[in-house]
Each structure stands twice: as C-alpha cells, then as structure tokens.
Amino acid sequence: MPTTRVKNKQTAHEFAHTVHETTHENVDNLIAEYVHEDVQWHGPAPVDTLAGRSELVSEFWEPLLKAFPDLEKNDYILFAGEFEGDEWVCATGNLVGTFENDWLDIPATGHATWIRYGDFHRFEDGKIAETRTIVDVLDVLRQAGYQFVPSLAPEVVIPGPTTQDGILLDEQDEEDTQQTMELVEGMLFDGLNSYEEEGLENMGMERYWHEDFMWYGPAGIGSTRGIDGFQEFHQNPFLRAFPDREVGHHDSRIAEGNFCASTGWPAVVGTHLGDGWLGLPATGNSTDMRVIDVWRREGDLLAENWVFIDMIDLLNQLGVDVFERLRENPRSVRRSPAP
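In this report, we go over the structure that sits alongside the text.

Basis of the calculations
- Residues numbered from 1 in each chain as written.
- Predicted model: local features only at pLDDT ≥ 70, side-chain atom pairs only at ≥ 80, totals over all residues.
- Heavy atoms only, no water.
- Helix = DSSP H or I, 4+ residues; strand = E, 2+ residues; numbered from the N terminus.
- Contact = heavy atoms within 4.5 Å.
- Polar contact = N/O pair within 3.5 Å; in protein donor to acceptor, adjacent residues only side chain to side chain.
- Expected span 1.5 Å × (residues − 1).
- Core = buried A, V, L, I, M, F, W, Y, C linked by side-chain atoms within 4.5 Å.
- Buried < 20%, exposed > 50% of the residue type's maximum accessible area, 1.4 Å probe, protein only.
- Domains from an automatic or database assignment.
- Pairing = 2+ DSSP bridges.
- Axes fitted to C-alpha atoms, helices over the stretch in contact; angles between N-to-C directions.
- Parallel < 35°, antiparallel > 145°, perpendicular 65-115°, else oblique.
- Nonpolar A, V, L, I, M, F, W, Y, C, P; charged D, E, K, R; others polar.

With respect to the secondary-structure elements, Ser151 resides in the loop between α4 (137-143) and α5 (174-191). Sequence separation of Ser151 and Trp277 is 126 residues, and the distance between their C-alpha atoms is 9.2 Å. Contact partners of Ser151, with chain neighbours within four places excluded, come to Gly220, Ile221 and Gly222. Within polar-contact distance, the side chain of Ser151 engages the backbone oxygen of Ala153 at 2.6 Å.

Looking now at helix α1 (residues 4-18). In this model, α1 (15 residues) spans 21 Å end to end at C-alpha, consistent with the 21 Å of a helix rising 1.5 Å per residue. Its buried side turned inward, α1 meets α2 (27-34), α3 (52-67), β3 (72-83), β4 (86-98), β5 (112-124) and β10 (252-256).

Let us look at the nonpolar core. Core analysis: the largest hydrophobic core is formed by 83 residues, its most contacted members being Trp61, Trp103, Ile106, Leu141 and Trp277. Counting residues per element, this core draws most heavily on α3, at seven residues. Here this core spans two domains, since at least three of its residues come from each of domain 1 (4-144) and domain 2 (174-326). In this structure, Trp61 is in contact with Phe15, Val19, Val27, Ile31, Leu56, Leu71 and Lys73, ignoring residues within four places of it in sequence.

On to helix α7 (residues 226-241). A rise of 1.5 Å per residue sets the reference length of α7, with its 16 residues, at 22 Å; its end C-alpha atoms lie 22 Å apart and thus fit the reference within 8%. Residues Gly226, Ile227, Gly229, Phe230, Gln231, His234, Gln235, Pro237, Phe238, Leu239 and Ala241 constitute the buried set of α7.

This paragraph deals with the sheet that holds β3. Judged by pairing direction, the sheet is mixed, and its six strands sit side by side in the order β2-β1-β6-β5-β4-β3 without closing on themselves. The open sheet has two edge strands with one neighbour each: β2 (49-51) and β3. Taken over all neighbouring pairs, the strand axes of this sheet differ in orientation by 20° on average, direction set aside. Relative to strand β6 (residues 127-135), β5 runs antiparallel, the two being bridged by eight bridges. For Tyr117, the partnering residue across the bridge sits in β6 and is Val135. Strands β3, β4 and β5 of the sheet are contacted by α1, whose axis makes an angle of about 160° with β3. Contacts from α2 reach β1 (35-42) and β6, with the element oriented near 100° to β1.

A few words now on the pairing of strand β7 (residues 209-216). Relative to strand β13 (residues 301-309), β7 runs parallel, the two sharing four bridges. Following the sheet pairing, Trp215 is matched in β13 by Asn305. The sheet contact formed by β7 and strand β8 (residues 223-225) spans three bridges and is antiparallel. Note that in β8 the partner of Met214 across the bridge is Arg225. Linking β7 to β8, which pair antiparallel, is a turn of six residues; within it Gly220 sits at a positive phi near 95°.

Cis geometry is found at the peptide bond from Ala45 to Pro46, where omega equals 10°. In the Ramachandran plot, Glu84 falls in the positive-phi region, its phi being about 50° despite a non-glycine side chain. Mapped onto the elements of the fold, Glu84 is located in the loop between β3 and β4. Positive phi outside glycine occurs at Asp125, with the angle close to 50°. Turning to its location among the elements, Asp125 is positioned in the loop between β5 and β6. The class for Asp125 is exposed, based on a relative accessible area of 80%.

It is the contact of α1 with α2, at a shortest axis distance of 11 Å, that shows an interaxial angle of 175°. As judged from the angle between their axes, α1 and α2 are roughly antiparallel. Packed against α1, whose contacting residues are Thr11, Glu14, Phe15 and Thr18, the element α2 presents Leu30, Ile31 and Tyr34 at the interface. Looking at the contact of α1 with α2, its residues break down into four nonpolar, two polar and one charged.

Below, the structure is given as structure tokens:
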C-alpha cells in the first residue's frame, strides 16, 4: 500500500496534469476534486490571499484559464516532507500556454508564454488544504514586452534539473534526505546569515555550493552560474541593498532524497538601505519578502537552486506600483516583446 506521503505526491502531480484538460468553464470541478472546501491560498500580488474554493476559482483559476485557454502545468520537480507535524508537497515547473486574452491587466500577446511557478501544498485527508504559490508575474510582463527594472543577469525560460530526476513519486532514502536537509540548513543559518559578522568574502559559500552551481532567479534579477556569478550579479547587490536582512523565516521547510525546499510569507526581512539593486535608490523602507526556494544536492554540495520571490509585492514595498504604471502610462514601459 502506498504511504500517505506517496499518495499526496501522486495527487499533486495528477492535479497538475489535469489542468490541460480543464477550461475556465469547468475548472470548479477540478478544484472540487483536488482541493479542500476551506482551502487557504496564499499567492503572488496582485492576487494575494484567497479563502475557500469559490474565491480560488473566481479570482485565480478562471481568469488564468480565460487568458491561456490551452494552459499546461508541467512539474519538473515534485517531492514531499513533514514540517511541524503537517504533510507538505512541493512542486515547481512551468505553466505554458498561448496568451489569448488579457490577464491581470497585462495585454494579451497571442504568443506562447512560460509562467514559472513554485508550489507548497499542505494536505489534509488527501486534499490540498493550504497552498503557498508564487508565479512569476513580472516575467509574464517581460514576455509581453514590458520592462520595469534592469536585470543584471539573463532572464531566460528556466530549465528543470540537469539530472532530469526531479519527480520523486516513490519513497526516498532517509539518509539522503537527512544529508540534504542538513546541508541546506547549514547554508541558510550558518552561511547566509553570517554576512554582518563575516562579510561577503568570508561567508564560506564554497562549503555549501558547487563551484559551477546554477542559481535560477526571478524576473528582474535573472539567473547566474557559479559562486562568482552569484555573488557579482545577485548576492553582492542584494546585500548592499539589504545589509540587515535575515533569512529562514519559514512556514514550511522539507527535504526528500536530493531535493530540499522552503517557503515563508515572509521568508526574508530587511531594511532597504543601499542604492542600486533593481536600479532603485534606497528608500529606508522595512520590507518582507515572500519566497520559495528549491535546491538540488549533488554529492556533498548544492548544485542547483530555483528561487521564487514575489517581485510585484516587493516592488510595491519599494515604491514601484507595477500595475499602476502599466495602467496609467503603458508606453513608458513598453518595449519589443521578449523572445
């Protein structure tokens, strides 16, 4: 007999596959089959928090499927674990569809569009009772031809694991799982949080990361390769902007096999004290960041990191209302549609 954890993973994966068979007219049936009636759903700005199936259907899934009628939900990583007594499933991949009708005030392009997503699902009695999800709304804007901030690193369609082994539908080795969790927790709590005492050069990232590791960031930041690339194009500018930032405020943190993930609403807090990140001057504002992180361990080090930040929400906190700018003066941010 499959364990509860295996059943939950299978349910989450089936839900993703079934999206392609669903339209905005019957998506309520999909949600009723897989989602708890009183689901708590925490999503990205401008959708934010929804309560119950009805709101989830009307405020998120119906508009999304109207905009992208041929939508697919393609997991390339999926695994599960327990956090503080609750069973969670983490999944990430790309929603892919033709942008046929406007979505969230973003003008439709008629083109294929890739929407990155990171999901954390908490299960009760075989159904999804809570979801924390980030879809990269800023990247949809980029693909539609709108640029709000200058990215230091390339913004690309993010791939799955280089090992092509991210869908963990079966039980995994407990020793592998423990090794992965210990490595990630060491990196988070002993490495990243040591900046104020040790400085960037002495944080010892080589203890945790492969020399050529891949860091897949959100739109506005981009993706980097290697410790040097990560520090030059993301970590150093980010730490200058938020020198007092703290990481590790997690609503869930799970590992299974060679994969680990965490999420927090917020997961990172800090004060915007330095100029330049995202091309913005320092505001002095206190900020909190909704984040999902997914890591893949290879041997004794981390090889890949998929990073989701609710950039629309964060930019709002820094005084940049992306959708207000889009509505009031779209020509000021319009450029040629992204490839």
